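# Geometric and topological summary
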Amino acid sequence: VQLQASGGGLVQAGDSLRLSCAASGRALRREAIGWFRQAPGKEREFVAAIARSGGYVYYADSVKGRFTIPRDNAENTVYLQMNSLKPEGTAVYYCAADRAFSPHTVKFSSTYNYWGQGTLVTVSS
């Protein structure tokens, strides 16, 4: 499966932004999807994930209550809706896919075999 992340840009603190992860080559409903981000000089970190069924979603503590991860199987796209953005949210955001994850593995980048190219989000204070 090929993934294409898009929707990044420059926003102000408190603004909202929606990232898209579009898939080709395989139906996205067959994949568990994760979003990760990497800030300059820092390691890649987990942001959010959604199971294939959509019944299970997981969020990093730093984004709980502000981010959601809706999926539209008809459009073969998973989104990352980001509200109340903070300057520390400045990073390159990546979407990733794999057939499945468990609650114990969802937050590890090594769990996912397929990655998009990343989209830059810059949050100004």
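Here, every reference points to the structure presented above.
Report on the accompanying structure. (Residues numbered from 1 in each chain as written. Predicted model: local features only at pLDDT ≥ 70, side-chain atom pairs only at ≥ 80, totals over all residues. Heavy atoms only, no water.)

Here we come to the pairing of strand 4 (residues 32-38). With 6 of 7 residues buried, strand 4 lies mostly within the body of the structure. As defined by bridge partners, strand 4 adjoins strand 10 (residues 91-98) across 7 bridges and the pair is classed as antiparallel. Within strand 10, the position partnered with Arg37 by the bridge is Tyr93. In this sheet, strand 5 (residues 45-50) lies alongside strand 4 in antiparallel orientation, the contact comprising 5 bridges. (Buried < 20%, exposed > 50% of the residue type's maximum accessible area, 1.4 Å probe, protein only. Helix = DSSP H or I, 4+ residues; strand = E, 2+ residues; numbered from the N terminus. Pairing = 2+ DSSP bridges.)

Per the counting criterion, the structure on display carries 7 aromatic pairs. Ring centres 6.4 Å apart and planes at 75 degrees place the aromatic pair Tyr94 and Trp115 in the edge-to-face group. One end of the pair, Tyr94, is in strand 10; the other, Trp115, is in strand 11 (residues 114-115), with 21 residues separating them in the sequence. Here the aromatic residues Phe36, Phe46, Tyr58, Tyr94, Phe101, Tyr112 and Trp115 are joined through ring pairs into a cluster of three or more. Above the ring of Tyr94, the side-chain terminus of Arg44 is found at 4.0 Å from the ring centroid. (Phe/Tyr/Trp six-rings, centres within 6.5 Å; stacked < 30°, edge-to-face > 60°. Lys NZ or Arg CZ within 6 Å of the ring centre and 35° of its normal.)

What follows deals with the pattern of salt bridges. In a structure, side chains of opposite charge can pair up when their charged atoms sit close to one another. Scanning the model with the defined rule gives 3 salt bridges in all. A salt bridge links Glu31 to Arg26; its shortest N-O distance comes to 2.5 Å. Look at Glu31 and you get buried, because its relative accessible area is 0%. Residue classification places Arg26 among the partly exposed residues on the basis of a relative accessible area of 23%. Residue Arg37 pairs with Glu45 through a salt bridge whose shortest N-O separation is 2.6 Å. Relative accessible area serves as the criterion here: at 6%, Arg37 is assigned to the buried category. On the accessibility criterion, Glu45 (36% relative accessible area) is partly exposed. (Salt bridge = Lys/Arg side-chain N within 4 Å of Asp/Glu carboxyl O.)

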